[in-house]
Amino acid sequence: MNAEASWDLFDSAAYVDHNYRFLRSDDARILHLVRDHFSDYFRSFREKSGGPVPGTGAPAPGTGGPVHGIDVGAGANLYPALSMLPWCDTITLFERSAANIAYLEGQRPHYDAHWDEFWDVLRGRDAYRELAEDDDPRVVFRKTVEVAQGDLFSLDRFRGRWSLGTMFFVAESMSTSHREFETGVERFLRALAPGAPFAAAFMEGSQGYKVGERFFPACSVTGTEIRAALAPYAEEDVTVTPIGMPGGALRPGYEGMIVACGRRNSVR
Ligand SMILES: C[S@@+](CC[C@H](N)C(=O)[O-])C[C@H]1O[C@@H](n2cnc3c(N)ncnc32)[C@H](O)[C@@H]1O
C-alpha cells in the first residue's frame, strides 16, 4: 500500500539523473501533446469569452477568478509545471516525499539548466514563446510556484480548488493496489474545478521501479483501465494516447507510457 513505501527516502538526484538529465523522445512526445492540449484549450477559451487569456485577468476556467494550477506528486520533475506556466497565477507542486520537497524547494529560485531542453519543446507554441519574450521563464517559475507537502489522498478536502492540473507517473506508481490507483485518479480530478483542463501521464504495465538503491511499488494498468478511472470525473472527449517506447525502454518492467488529456466534468 502507498503508506508503506519509504517516500521520504526517494533519491531525487538519482531519479533526475536517470529520467530527466536529457530529454527522451517519450517525454518529448508527451510535452507536445500536453502543450497543444493546454494551448488549444486557452485559445478557444479566449475566443469564446472575447477576453484576455486567463492568468492575465480574465475569469479562470470554471472558477471565475485567477488561474491556480496544481501538479500532484510533482516529485523531481519540473516539466508538468512548465507546461502550465503561461496561464497560471499560482502553481502548487504537491508532493508527499520530504526528499522531493527539498529538491523542488531547491529548484524554485533558479531551476537547473537541463530543464531548458524541455522548455524548448514548449516554445513551439505561442503562449510559451510569448512568456519568454516578455520575461525569463525562471523568474516566472519562481514567482508562480509554491511547494506544498501533503498526501494526495487528503486532497478530498480541497474539491474543485484548482483550475488547471497535471499528475505525471503517480497514481499507478505509488502502490501495488488498483483501488489506490483509482482513488489517486479520483482525488486528482476532484481537486479540479468543473471545466478545468488537465493532463495525466502513466506507466503502462509497470512492475515497480528502482530509484537509486530503493525499490518503489507500482500497479500494472492498461489504457482501458486508465480511461475507466478517468471517466467518472472527465468530459467524454478525454484522449488517452499510448506513447510506447519510441527511444527504447527507460528501465525494465513496464510496457510504455500513456498520456491522458482532458477536462474535468461537473460530477461532484
Ligand atoms: C514515479 S514518481 C513521479 C514523479 C514525477 N511526477 C514525475 O513525473 O517524474 C511518484 C511520485 O509520487 C509521490 N507520491 C507517492 N505517494 C504520494 C502520495 N500519497 N501523495 C503525494 N505524492 C505521492 C512520490 O513521492 C513521487 O514523487
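What counts, and where the lines are drawn
- Residues numbered from 1 in each chain as written.
- Predicted model: local features only at pLDDT ≥ 70, side-chain atom pairs only at ≥ 80, totals over all residues.
- Heavy atoms only, no water.
- 1 Å grid on protein atoms, 1.4 Å probe; cavity = no way out; pocket = protein on both sides within 12 Å on 5 of 7 lines; lining within 4 Å.
- Points joined across faces, edges and corners; volume = space filled by probe spheres on them.
- Helix = DSSP H or I, 4+ residues; strand = E, 2+ residues; numbered from the N terminus.
- Nonpolar A, V, L, I, M, F, W, Y, C, P; charged D, E, K, R; others polar.
- Near = heavy atom within 4 Å.
- Polar contact = N/O pair within 3.5 Å; in protein donor to acceptor, adjacent residues only side chain to side chain.
- Areas by Shrake-Rupley, 256 points an atom, 1.4 Å probe, with all protein chains shown as cover.
- Sits in = over half its atoms within 2 Å of the grid points.
- Contact = heavy atoms within 4.5 Å.
- Phe/Tyr/Trp six-rings, centres within 6.5 Å; stacked < 30°, edge-to-face > 60°.
- Buried < 20%, exposed > 50% of the residue type's maximum accessible area, 1.4 Å probe, protein only.
- Lys NZ or Arg CZ within 6 Å of the ring centre and 35° of its normal.
- Arc of directions from axis to C-beta.

Chemist: Explain the layout of surface pockets to me, please; I cannot follow it from the model alone.
Modeler: Each pocket or cavity is described by its volume, and for the largest pocket that value is around 660 Å³. As for the largest pocket, its lining consists of 41 residues, of which Phe10, Tyr15, Phe169, Ser173 and Tyr209 are closest to the centre. Going through the elements one at a time, helix H1 (12–19), strand E1 (68–72), strand E2 (90–95) and strand E6 (209–211) are the ones with two or more residues in the lining of the largest pocket. It is H1 that contributes the most residues to the lining of the largest pocket, four residues altogether. Its residues assigned to classes, the lining of the largest pocket shows 22 nonpolar, 12 polar and seven charged.

Chemist: How should I be thinking about the site of the ligand in this particular structure?
Modeler: Around the ligand, the structure places 21 residues, and the nearest of them are Tyr15, Tyr20, Gly73, Glu95 and Phe168. Contact between the ligand and asparagine 100: an oxygen atom at 2.9 Å from a side-chain N or O atom of the residue. Burial of the ligand by the protein amounts to 99% of the accessible area it has alone, namely 590 Å². Taking a 2 Å distance to the grid points as the criterion, the majority of the atoms of the ligand fall inside the largest pocket. Taken together, the residues of the shell around the ligand sort by class into 10 nonpolar, eight polar and three charged.

Chemist: What am I meant to see in the environment of histidine 18 here?
Modeler: As for its position among the elements, histidine 18 is in helix H1. Taking the C-alpha atoms as reference points, histidine 18 and glycine 212, 194 residues apart in sequence, are found 9.1 Å from one another. The residues touching histidine 18, leaving out its near neighbours within four places in the chain, are Leu250 and Arg251.

Chemist: What exactly am I supposed to notice about the packing of aromatic side chains here?
Modeler: Aromatic ring pairs are defined here through the distance separating the ring centres and the angle between the ring planes. One pass over the full model with this rule turns up 22 aromatic pairs. Taking 5.5 Å as the distance between ring centres and 85° as the angle between the ring planes, the aromatic pair formed by tyrosine 79 and phenylalanine 168 counts as edge-to-face. Remark: phenylalanine 168 occurs in strand E4 (residues 164–168) and tyrosine 79 occurs in helix H3 (residues 79–84); sequence separation between them is 89 residues. Its relative accessible area of 6% is what places phenylalanine 168 among the buried residues. Their ring planes at 75° and their centres at 6.2 Å tell us that phenylalanine 158 and tryptophan 162 sit as a pair that is edge-to-face. The exposure class assigned to phenylalanine 158 is partly exposed, which follows from its relative accessible area of 22%. Counting every residue linked through ring pairs, the aromatic cluster contains Trp7, Phe10, Tyr15, Tyr20, Tyr79, Trp115, Phe118, Phe168, Phe169, Tyr209 and Phe216. Above the ring of tryptophan 162, the side-chain terminus of arginine 161 is found at 5.7 Å from the ring centroid.

Chemist: Can you help me understand helix H7 (residues 137–144) in this one?
Modeler: Residues spaced three or four apart along an α-helix point in a common direction, a consequence of the helix completing one turn every 3.6 residues. Among all positions in H7, only Pro137, Arg138, Val140, Phe141 and Thr144 are buried. Along the axis of H7, the buried positions cluster into a sector of 160°, meaning they face one direction only. On its buried side, H7 packs onto H3, E2, helix H4 (98–107), helix H5 (116–122), helix H6 (126–134) and strand E3 (145–149). A side-chain oxygen of the first residue of H7 lies 2.9 Å from the backbone nitrogen of arginine 138; this N-cap is aspartate 136.

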